[in-house]
Amino acid sequence: MPILLFLIDTSASMNQRTDLGTSYLDIAKGAVELFLKLRARDPASRGDRYMLVTYDEPPYCIKAGWKENHATFMSELKNLQASGLTTLGQALRSSFDLLNLNRLISGIDNYGQGRNPFFLEPSILITITDGNKLTSTAGVQEELHLPLNSPLPGSELTKEPFRWDQRLFALVLRLPGLASTEPEQLGSVPTDESAITQMCEVTGGRSYCVRTQRMLNQCLESLVQKVQSGVVINFEKTGPDPLPIGEDGLMDASRPSNSFVAQPWHSCHKLIYVRPNSKTGVPVGHWPIPESFWPDQNLPSLPPRTSHPVVRFSCVDCEPMVIDKLPFDKYELEPSPLTQYILERKSPHTCWQVFVTSSGKYNELGYPFGYLKASTTLTCVNLFVMPYNYPVLLPLLDDLFKVHKLKPNLKWRQAFDGYLKTLPPYYLLPLKKALRMMGAPNLISDNLDCGLSYSVISYLKKLSQQTKLESERILASVGKKPPQEIGIKVKNHSGGGVSLTHSKNFRKLLKEIIGETAPRLTELNTKEFAGFQVGLLNKDLKPQTYRNAYDIPRRGLLDQLTRMRSNLLKTHKFIVGQDEDSLHSVPVAQMGNYQEYLKTLASPLREIDPDQPKRLHTFGNPFKQDKKGMMIDEADEFVAGPQNKVKRPGEPNSPLSSKRRRNVTVIHEVHEEKMENGQTPPDGFLSKSAAPELMNMAGDGIPPNPLDSLSDDFMSLRKDGLIHKPGSNALVGGTKNCTVSVDDRKVSVTSTLGAMPNRLQITPAMAQGINADIKHQLMKEVRKFGRKYERIFILLEEVQGPLAVKKQFVEFTIKEAARFKRRVLIQYLEKVLEKIDSHHLLNNVNHINSRSSC
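Rules behind the numbers
- Residues numbered from 1 in each chain as written.
- Predicted model: local features only at pLDDT ≥ 70, side-chain atom pairs only at ≥ 80, totals over all residues.
- Heavy atoms only, no water.
- Helix = DSSP H or I, 4+ residues; strand = E, 2+ residues; numbered from the N terminus.
- Buried < 20%, exposed > 50% of the residue type's maximum accessible area, 1.4 Å probe, protein only.
- Phe/Tyr/Trp six-rings, centres within 6.5 Å; stacked < 30°, edge-to-face > 60°.
- Pairing = 2+ DSSP bridges.
- Axes fitted to C-alpha atoms, helices over the stretch in contact; angles between N-to-C directions.
- Contact = heavy atoms within 4.5 Å.
- Core = buried A, V, L, I, M, F, W, Y, C linked by side-chain atoms within 4.5 Å.
- Expected span 1.5 Å × (residues − 1).
- Arc of directions from axis to C-beta.

### Observations concerning unusual backbone geometry
The step from P58 to P59 runs through a cis peptide bond, and the omega angle for that step is 5 degrees. Along the chain, P59 falls in the loop between β2 (49–53) and β3 (62–64). Its identity as a non-glycine residue notwithstanding, N110 has a phi of 55 degrees, on the positive side. Among the secondary structure elements, N110 is positioned in the loop between α4 (103–106) and β4 (123–129). What makes N110 partly exposed here is its relative accessible area of 22%. For S358, which is not glycine, the phi dihedral falls at a positive 70 degrees. Residue placement: S358 occurs in the loop between β13 (352–355) and β14 (370–374). Overall, S358 belongs to the partly exposed group, its relative accessible area being 33%.

### Focus: the packing of aromatic side chains
One pass over the full model with this rule turns up 19 aromatic pairs. Summarising the aromatic geometry, the rings of Y50 and F73 are spaced 5.8 Å apart at their centres and angled 40 degrees between planes, so their arrangement reads as tilted. Of the two residues, Y50 is situated in strand β2 and F73 in helix α2 (residues 70–78); the sequence distance between them amounts to 23 residues. F73 carries the same exposure label as Y50, and that label is buried. Between W265 and F313 the ring centres are 6.3 Å apart and the planes differ by 35 degrees, which places this aromatic pair in the tilted class.

### Side note on the sheet that holds strand β8 (residues 207–210)
Read across the sheet, six strands follow the order β3-β2-β1-β4-β7-β8 without closing on themselves; strand pairing throughout is mixed. Taken across any chain shown, the strands that pair with only one partner, and hence form the sheet edges, are β3 and β8. Taking the axes of each pair of neighbouring strands and ignoring which way they run, one obtains an average angle of 20 degrees across the sheet. Two strands pair when backbone bridges link them, and β2 and β3 are joined in this way by two bridges, in the antiparallel orientation. Pairing of V53 across the sheet is with I62, part of β3. Of the strands in this sheet, β4, β7 (166–173) and β8 are in contact with helix α6 (residues 213–226), which crosses β8 at around 165 degrees.

### A few points about helix α10 (residues 428–438)
Of all the positions in α10, only L428, P430, L431, K432, A434, L435 and M438 are classed as buried. Against α8 (390–402) and α9 (410–421) lie the buried residues of α10. Downstream of α10 by a residue or two, G439 has a phi angle that is positive, lying close to 85 degrees.

### Here's the deal with the environment of G439
With respect to the secondary-structure elements, G439 resides in the loop between α10 and α11 (454–476). For G439, a relative accessible area of 42% puts it in the partly exposed group. Distance from G439 to L406, taken between C-alpha atoms, is 8.8 Å for residues 33 residues apart in sequence.

### What to know about the nonpolar core
Formed by 56 residues in total, the largest nonpolar core has its most connected members in F235 and F416. Take this core: its biggest share by element is six residues, from α8. The contacts of F416, once residues within four sequence positions are left out, are L393, L396, L435, L443 and I444.

### Considering helix α18 (residues 764–783)
Taking 1.5 Å per residue as the helical rise, α18 with its 20 residues ought to reach 28 Å, and the 29 Å between its terminal C-alpha atoms agrees with that figure. For α18, the full list of buried residues reads A767, N771, I774, L778, E781 and V782. Buried residues of α18 fall within an arc of 85 degrees about the axis and therefore sit on the same side. Looking at α18, the residues exposed on the side facing more than 90 degrees away from the buried face are A765 and Q768.

### With respect to the sheet that holds strand β10 (residues 267–273)
Two strands in a sheet stick together by hydrogen bonds in their backbones, pointing the same way (parallel) or opposite ways (antiparallel). Spatially, the seven strands close up into a barrel ordered β9-β10-β12-β15-β14-β13-β11, and their pairing is mixed. On average, each strand axis in the sheet is tilted by 35 degrees relative to the strand beside it, whichever way the strands run. Inspection of the sheet shows strand β9 (residues 230–238) paired to β10 by seven bridges, in the antiparallel sense. Note on β10: the bridge partner recorded for G230 is Y273. Each of β9, β10, β11 (310–314), β12 (329–333), β13, β14 and β15 (381–385) is contacted by helix α7 (residues 337–345), which is oriented at about 65 degrees to β14, the strand it contacts most.

So, to be careful, I would describe these as geometric facts and stop short of saying anything about function.
What follows is the structure in structure tokens.
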């Protein structure tokens, strides 16, 4: 869960204006809002925590800390005002103390027990300032100084105020007050020359000299990419430089190496990426980086450690060692001169061992705890963290499994005990776990000693308790306003002061008491709470603002007591006079607060197949994979493909299927009965008296096939060649045949109708207009989400014209359905198209037979 702390310069110099008329403080606020929008593109941003610190005096400088939500953060950001001094040093110290508030309680720093890269709280501290002179009550300061004294207990255990997973980045605003006539130079943004630049580089960050709005946007894009999970390490070379490599890729001893000339890759201060586990979402590791001292029971206190461990690497080429089932940790290095030099050597099958000075008991340099190695593809350099003094341990374990078959002899045990003597005590527990994972016998005693004295352990526990109290005090002060200076109070000792009766406030109060003026609440800010009144249980009561309990009339005592009890206990769900609907109204300032909504959601489940592309975070369509991927509107059974063999209700051999067949039979019995009584059947292939569940295609299971109940009305075909006119509710003579498939048997319903006159004669121009309207409605119906397709088939029945025109409309509907991936609808329409073709062929055959008979 990354922590993003914004340190905003609120000194008076931030009121200066740019050529656009906006102040530096307004630009800083806009930069923070733009950063949050850019960061929100990453799905990992849902776990971000935002903090806001200003240049006010501590602890009032903390505007949003550990407990404040995103809405409070945005509110405090908008209400910032620029006044005061440029106390950057004190503000940085307060920011780092806020980040380190809970580290001693959680034990994340693990003092005296090695440094675990997988125990981290990745934090990015972004400060926005104008880069002017640093000022304080003592005067102008030329250099940046952070206060040495910190109210946080345990701060003396680390030499610097920051930790190895905290980086500082500075946006130094240098925007001109007048518009520049020179063309803007493109390229990378340079670092600033102010005092904060060195502080940024020490933490592993950098500064940006911002001269235009375009450069500011470019810096914010860069900062979003800097939000990475990792820790900063000092890599320093020890020993001679490696032999240069010739053009053939082999060592060239004839070429001299500049071992005594400092090179950029000799000392690098860079990040190693600590990737979270794909299953758990948190980093997982096995081995620590050793401390720079040997833990001893005689140590009265722990020596202070540097925030960034100094890891020395030897340039002697070694074989990368690893054995089966032995866990190791692998961390990728941030690009640097060191990684560039290693990659240019093009030696992916060799490695350089790494050490921590004074980590061993008998060796000043210490024993190797891992190695640096280029990846096989020569794309990056990785730090492999192994067990301490792994060149001795790995051959022993290899012999244990392959030679001794997990039954070590005395000689092997003596060699293993000798190795344990070179091992720092805090490595015993992870080694014991690793051997258990490998299936090895219990080779380490259960009575493990951490190597720290009792006094040190008691001191760490005491610090943890003190930190809890200090944490509660600091968090309780968050959001409080600093006391306002009301001026210098001067006592009048002359005795000639103004009488109380001549005081303006006293006369005003006296008039309110005797009733000459309407009483008012002086405690409320009328500008901020315009029209505000205390809610009353009884709507007939008028709001009262009694200043004295004796002013309440006797008849109003009970009502006033009820009102006071209600206001004290807050028994109302909402203020009287405010309906419940208004509780759902969200202010404009909070409408875009998507961060709080994300926090209420459950953690997403991991993907079953990690090789599949991850779905992007999309606000609306959950099926969208990327901008170039396929958009799927239907979650039907065809998406799963033929692998899905589960029976659904409505399929053959299902009780619901037979029920639908019975309903279809009933429908056509109704048709037959109406036609025998001389009634004209309604247009369409489904009767209006059909069961509602048959008309609704959005139900569970596969919808009933419209073709199963499709009558010859839809085709408008007759054996005698006459066409049914849907718009006229009339047939032009002849008989009407309706064929329905029920249980694989064909049931024919025949009705004889007399010749009925047409109520409306449709002209070709009218037919063209009707078809144009139907085409427009078809496009709208296909776009609709869901499986309610009955309207589409009804529209297709109403198409005017010969069979070829109807076929064109069906083909047009298929194309529209393909645009929106309506697979189910496409299958139904293709069956309709096949039936049209079959009827067309039958009609041609009948026509040929009639001509031959003639």
